[in-house]
Amino acid sequence: MKGSAIIIGASQGLGRALAYRLAEHGTNCILASRNEEGLWDMARDLTEKHKIKVVVLPVNLETLDASGAAKFVEQSCIELNDLDKVFVTAGYVSEADDGPGAKNILDKTNAINYRGPALLLSAFSEKLKDQVATLAAVSSIAAIRPRGKNIGYAASKIALEYHVKGLAHFFSRQSLRFQIYRVGYMDTGMSAGKKLAFRKEDPSRVATFMIKQLGSQKKLFYYPRYWRFIAWILGLIPWFIYKKLRF
Amino acid sequence: MNPAISKTVLQSFDKTVSCNCYYERPGELAELQVRHDLPLIPRGGGMSYCSASALEGGLTLDMRSFNRILNFDYKLGQVKVEAGICIGELNNFLIPSGWQLPVLPGYPMITVGGCIAFNVHGKSQYKIGLFMDWIEQLTIYHPLKGELVCSATINEEIFNLTIGGMGFTGIIVNATLKLKKIAGNQVQIEARKVGNIGEAVRLMKEKAYDYDYVYSWNNFNLSGRSFGKGIVYLEKIKNGFTESAKPVKFLNRLYPPRQGPPVLNRFTTYWMCQVYYQLSRLKPVSAIQNLYTASFPIYGKEVYYHLFGKKGFREYQVIFPHQNWEQAMSSIRELIRVYKMGIALASLKFFKGKTHHISFSGEGVCLALDIPNNQTSIDFFNALDQVTIRYNGIINPSKDSRAGAALVKACYPGYEDFKRAINHYDPQRLFVSELRNRLEL
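Residues numbered from 1 in each chain as written. Chains lettered and ligands numbered in written order. Predicted model: local features only at pLDDT ≥ 70, side-chain atom pairs only at ≥ 80, totals over all residues. Heavy atoms only, no water.

**Let's talk about the overall build of chain B**
Phase 1 of the analysis: On a plain count of helices and strands, chain B comes out with 13 helices and 19 strands.
Phase 2 of the analysis: Against the 2.2 N^0.38 benchmark of 22 Å for 441 residues, chain B shows a C-alpha radius of gyration of 21 Å, consistent with a compact globule.
Phase 3 of the analysis: Across its three principal axes, chain B shows a C-alpha extent of roughly 60 × 50 × 40 Å.
Phase 4 of the analysis: When the 441 residues of chain B are sorted by exposure, 62% land in the buried category. (Helix = DSSP H or I, 4+ residues; strand = E, 2+ residues; numbered from the N terminus. Rg over C-alpha atoms; globule rule 2.2 N^0.38 Å. Buried < 20%, exposed > 50% of the residue type's maximum accessible area, 1.4 Å probe, protein only.)

Right, here's the structure in full:
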């Protein structure tokens, strides 16, 4: 695997696992996240283990605006001029995002899950439109069908999905590939110690799956794959039954 | 993304202690959501036998996300790592460069932080000492004191207190470790059969300094002259690096622990040991193994722990001075007969050196015994305590989820000093585990 990758949300969970999997393939990486110090530790580790070029670029999705996104993209392409893979894995969900309580954390939830990623993906697609590149956004199974819990999170993820699909339509004559990953429960700090209805997946397995799909023409992926079936079932349940479900 | 604090049940590795506690896995230090109303305790691989990383109603901090290599000085033979890195992964990284962590406990998923907090030993303690002998520098974090760098020359007192400090001084963030140069990436293993316990100790004494690692497996379920019949493993790192010996992707096969009914009891332990011995007779006396896996004798044999089922097991590890060994052994043998105990595992190693606080060390022969957990096992261990005290033995509090303050006080002259120092350093007692309460520290 040649070329270079940028991972937005690289300091933890899936983003971190992606960086390590890409490094195993010898791919140079830009690590982007809010926490610069943690990224430097990671960069040292990746360089020691895999002898690749690693660049650290801090970015705060909560405060990012259009000009900030443009500058960030410019800087990324200067640091690694063969950049051809963009992964947006950053996400934020709060315990307070429950029913009408979602209003209290709506700005932050929207900024980190939708506005920031959308600004960056738009800017990257403009910059990379003349080359073969893959832009992947990590969504969630929460976006399958709305429910009373994690309202803000699910809404911002579905907004991101629409944004990516819109970009895919706009750039359909170019060689850009846009991918959306609806990922199930993952074994991260968010889910540590929690008992969940389904098995928690190791982020490195999800990362391996995403890397395998880099050449794929498909736009929407589920991981684990059985979530596609669950999504189909959930879509079939009539409202008068669905409204009674609590999950 | 902020980590969630959830409620969960954590079990000690031997499954004899369970705690309902809060649980958090921070990804960054800045994320630590320290709740000052809850006592804290960091957790690494979760392999401690003695509930060292959980407290009923306390907050356990899972530090496994802190698993990066921060610097590797190839020339000097030093590596700076975050404390949540597993020793197996670190070994995978170091061996191709001709270096190795000198002190390696038996399972690759144990973290460096756990090794420091319990000042662990490896298979050749008598030659290369304890984990503390290979630590250059530590960075620890205490929510009320902030980050602190310490070493043998900087903040010496805290450095000494953190090593073997069972996590009571704070969170070990990173550590600079000294490494041992290795001549190759394969191990020549000789498995010599011995007819009884006396023969085992004699052979181990004779060969101790000719090999890199010397330890034994003994069958304590036999009576008469065959008591302790078994295998002495003599291991030496072979010169030269070969392409065929490659790093192994270690998987944690000990988790989740099997919760089914126990398979091992007095009768099945007898047959399990017989089968193990007979199977090992079929193998060649001398074999060459990949150093990556040979460093961790438990890896690949995890089924052994699953056989204890939901009731779990108990381990007793003790060092007896050489001069008291035979008398102590004969008392233990008598107790096994009286209590009709099925011994699932008996193993010997040699130890040399002094104790540090209440870290397991001393001079003599180290015996480890595993037995299925039941009421008799507690009575048996209580009786063993008397033998330990009578023959100046030193027990390993990190392997025994039953050992109380009185026994530890009797074995470790440094107990009171350690207790005073820990309470002086952290008078608010922010870092507390089930172990700390049990040992009355």
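Now that the structure is up, let's keep going.
**Thoughts on the nonpolar core**
Phase 1 of the analysis: Ranked by size, the top nonpolar core spans 115 residues in total, and within it L90, V112, L177, F220, L369 and F380 of chain B carry the most contacts.
Phase 2 of the analysis: The element that contributes the greatest number of residues to this core is helix α9 (residues 325–339) of chain B, accounting for 6 residues.
Phase 3 of the analysis: Discounting residues that sit within four places of it in the chain, F220 of chain B has contacts with I197, F227, G228, M329, I336, I343, A346, L367 and L369 of chain B.
Phase 4 of the analysis: Formed by 37 residues, the second largest nonpolar core is a distinct cluster that contains L120, A123, V164 and I180 of chain A. (Core = buried A, V, L, I, M, F, W, Y, C linked by side-chain atoms within 4.5 Å. Contact = heavy atoms within 4.5 Å.)

**Structural notes on the sheet that holds strand β5 (residues 69–73) of chain B**
Phase 1 of the analysis: Taken in spatial order, the 5 strands of this open sheet run β5-β6-β10-β8-β9 (chain B), and their pairing is antiparallel. Whereas interior strands pair on both sides, the edge strands pair on one side only; in this sheet they are β5 and β9 (146–151) of chain B. When the angles between neighbouring strand axes are averaged without regard to direction, this sheet yields 10°.
Phase 2 of the analysis: The pairing of β5 of chain B with strand β6 (residues 78–82) of chain B spans 4 bridges and is antiparallel. From the neighbouring strand, D73 of chain B faces β6 of chain B, where its bridge partner is Q78 of chain B.
Phase 3 of the analysis: Along the sheet, helix α2 (residues 36–50) of chain A makes contact with β5 and β6 of chain B, crossing β5 of chain B at roughly 45°.
Phase 4 of the analysis: Its contacts with the sheet put helix α1 (residues 87–94) of chain B on β5, β6 and β10 (171–178) of chain B, and the angle it makes with β5 of chain B is roughly 35°. (Pairing = 2+ DSSP bridges. Axes fitted to C-alpha atoms, helices over the stretch in contact; angles between N-to-C directions.)

**Details of the pattern of salt bridges**
Phase 1 of the analysis: Going through the model one piece at a time under the given rule, you end up with 24 salt bridges over all chains.
Phase 2 of the analysis: Between R337 of chain B and E334 of chain B there is a salt bridge, and its shortest N-O distance comes to 2.6 Å. Of this pair, R337 of chain B and E334 of chain B both sit in helix α9, 3 residues apart, which is roughly one turn of that helix.
Phase 3 of the analysis: Owing to a relative accessible area of 55%, R337 of chain B belongs among the exposed residues under this scheme.
Phase 4 of the analysis: In this structure, K409 of chain B engages E416 of chain B in a salt bridge whose closest nitrogen and oxygen atoms are separated by 4.0 Å.
Phase 5 of the analysis: Look at E416 of chain B and you get partly exposed, because its relative accessible area is 37%.
Phase 6 of the analysis: Here the salt bridges do not stand alone but share partners, grouping D187 of chain A together with R25, D62 and R64 of chain B into one network. (Salt bridge = Lys/Arg side-chain N within 4 Å of Asp/Glu carboxyl O.)

**Comments concerning the sheet that holds strand β4 (residues 59–62) of chain B**
All names here are of chain B.
Phase 1 of the analysis: Spatial strand order, β1-β2-β4-β3: 4 strands in an open sheet with mixed pairing. Two strands in the sheet have a free side with no partner beyond their single neighbour: β1 (6–11) and β3 (40–43). Direction aside, neighbouring strands of the sheet carry axes that sit 45° apart on average.

**A closer look at a nonpolar patch on the surface**
Residue and element names in this part refer to chain A.
Phase 1 of the analysis: Judged by side-chain polarity, F229, W232, I233 and L236 come together as a nonpolar surface patch covering roughly 450 Å² of accessible area.
Phase 2 of the analysis: Its location among the elements puts L236 in helix α7 (residues 226–236).
Phase 3 of the analysis: Residue class for L236 comes out exposed when judged on its relative accessible area of 53%. (Patch = residues over 30% accessible without salt bridge, like charges linked within 9 Å, V, L, I, M, F, W, Y side chains within 5 Å. Areas by Shrake-Rupley, 256 points an atom, 1.4 Å probe, with all protein chains shown as cover.)

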